[in-house]
Amino acid sequence: MGGSMKDVQSKVELDNLRESGAPVILHFWASWCEASKHMDTVFSHLSTDFPHTHFLRVEAEEQPEISEAYSVSAVPYFVFFKDGNVVDKLEGADPSGLANKVAKVAGSINPGEPAAPASLGMAAGPAILETVKELAKENGSSQMGNQVQLDLSDALKGRLQQLVNSRPIMLFMKGSPEEPKCGFSRKVVDILRDEKVKFGTFDILLDNEVREGLKKFSNWPTFPQLYCKGELLGGCDIAIAMHESGELKEVFRDHGVDAAGTEPGTGGISESTGLSVTLTSRLESLINLSPVMLFMKGKPDEPKCGFSRKVVEILRQEKVDFESFDILTDNEVRQGLKVHSNWSSYPQLYIRGELIGGSDIVLEMQKSGELEKVLTEKGIIKKESLEDRLKSLITSSPVMLFMKGTPDAPRCGFSSKVVNALKEEGVTFGSFDILTDEEVRQGLKVFSNWPTFPQLYYKGELIGGCDIVMELRSSGELKATLSE
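Residues numbered from 1 in each chain as written. Predicted model: local features only at pLDDT ≥ 70, side-chain atom pairs only at ≥ 80, totals over all residues. Heavy atoms only, no water.

**Observations concerning the packing of helix 2 (residues 34-49) against helix 4 (residues 95-106)**
- Running from amino to carboxyl end, helix 2 crosses helix 4 at an angle of 30°, the nearest separation of the two axes being 10 Å. Considering their axes alone, helix 2 and helix 4 lie roughly parallel with respect to each other. The handedness of the crossing between helix 2 and helix 4 comes out as right-handed. Across from Met39, Val42, Phe43 and Leu46 in helix 2, the residues of helix 4 making contact are Pro95, Leu98, Ala99 and Val102.
- Considering only residue class, the contact of helix 2 with helix 4 consists of 8 nonpolar, no polar and no charged. (Axes fitted to C-alpha atoms, helices over the stretch in contact; angles between N-to-C directions. Helix = DSSP H or I, 4+ residues; strand = E, 2+ residues; numbered from the N terminus. Parallel < 35°, antiparallel > 145°, perpendicular 65-115°, else oblique. Left-handed = near helix turned anticlockwise from the far one by under 90°. Contact = heavy atoms within 4.5 Å. Nonpolar A, V, L, I, M, F, W, Y, C, P; charged D, E, K, R; others polar.)

**Focus: the sheet that holds strand 8 (residues 225-228)**
- The strand order 7-6-8-9 describes an open sheet built from 4 strands, whose pairing is mixed. Edge positions in the sheet fall to strand 7 (200-203) and strand 9 (231-234), since each of these pairs with one other strand and no more. Neighbour to neighbour, the strand axes of the sheet diverge by 25° on average, direction disregarded.
- Bridge analysis of strand 6 (residues 169-173) against strand 8 gives 4 bridges, and the strand direction is antiparallel. Note on strand 8: the bridge partner recorded for Ile169 is Cys228.
- Docked against the sheet, helix 10 (residues 247-254) engages strand 6, strand 8 and strand 9, running at close to 170° with respect to strand 9. (Pairing = 2+ DSSP bridges.)

**Re the confidence of the model for the protein**
- Looking at the protein as a whole, the pLDDT averages 82, with 86% of positions reaching at least 70.
- At the level of individual helices and strands, the protein shows its lowest average pLDDT in helix 5 (residues 124-139), which scores 54, and its highest in strand 16 (residues 399-403), which scores 96.
- Taken as a whole, residues 108-121 scores under 50 in pLDDT and shows 17 contacts with residues more than four places along the chain or in a different chain.
- Within the model, the stretch residues 138-150 combines pLDDT values under 50 with 26 contacts to residues more than four positions away or in other chains. (pLDDT = per-residue confidence, 0-100.)

Here you go:
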């Protein structure tokens, strides 16, 4: 290429260049993005320094096929190829990072050796330093990558929560619906219009605090972000997939948003369900599969919707065991349960076979303490963590001895010595035989940071092992220590 850049016009053209075997650096950019323009200057200088490498530019919004193939969701964005394969990626305006990665792919420096732009000895050096300064000036910070390091304050969290909940359907996008500033935002706007729903929007380009804060708030690093009733559905790719499968329309309907954007009343389903005896029996068996049963989209470790994720989080916070059923894997159960329970949306939470409700109800019950009360009334015992169990055992008696065997039948000489010392001092104590419970035995070593047994505790505090107890007894301090 002789030190020049080339604008790629098609995926076929890109594939041909990529398969040539030469190193390829691909820059996804947008005309409206100032950071892209700055990085383009660096990109151009680097192309002079590495004449045997293909430096290719792709206007992300004009070439959606290429952008989607490499999961581009923000610009500037760089993809690095070697021997026809993707070997690295870079997102954001990071001139020195770009220079380092280019040099590695082009083979001028050894992998693992960082390349400081000022010392690369390249034509790009001055341009890199100048771009660093320009970007720092624009960002009002010396940090690169268009990133604002935020610890979300309570005020910002409150503001973001208010924005997310400001409309039943809320889209955080680049630009406005009438003038989207990126192709991905435009696609989601088109999808929502096609779904014929009303929606609110927020232009994240106008408020960097919201832009960066929302990434952490939602744990979603890119835009656009689509929310329904305060819950994140996802970005462009997810919105497209849900729209094409009909899932998006169903989510809106399930959560009370109709085609007019209003929130209709809860409609009942005819009592003449028409469900077969076989299906009814199967549904009842599933509902009673576990004392706490959640019908959700996805699995607890991989929820497929924000509402399901929320209920999973609540159940985990309540420390209860529960089983789940992924209604996306069985349409007969999915549709049948709506009729059987007279509840038209998911997730659905059941306790002892009784429908509690969906995400909104479960959330409200947790906030009010009603959920904990219902779980207790239904005899659902909270899972006790090992740490909780150890704390409970340690404080079960003012003086507590963890030993091998029992006071009447010690199973090791050290345990026997401590038992005799306590008895001779007239100390009343509780005991636990660590030989009967390996989880407690190993857990207590870590919890107390004490590797051996016996272990003697007083009012929840570790006194020590056999040697320390013997020393306290010899000095006449044992009884006083255990009665302070």
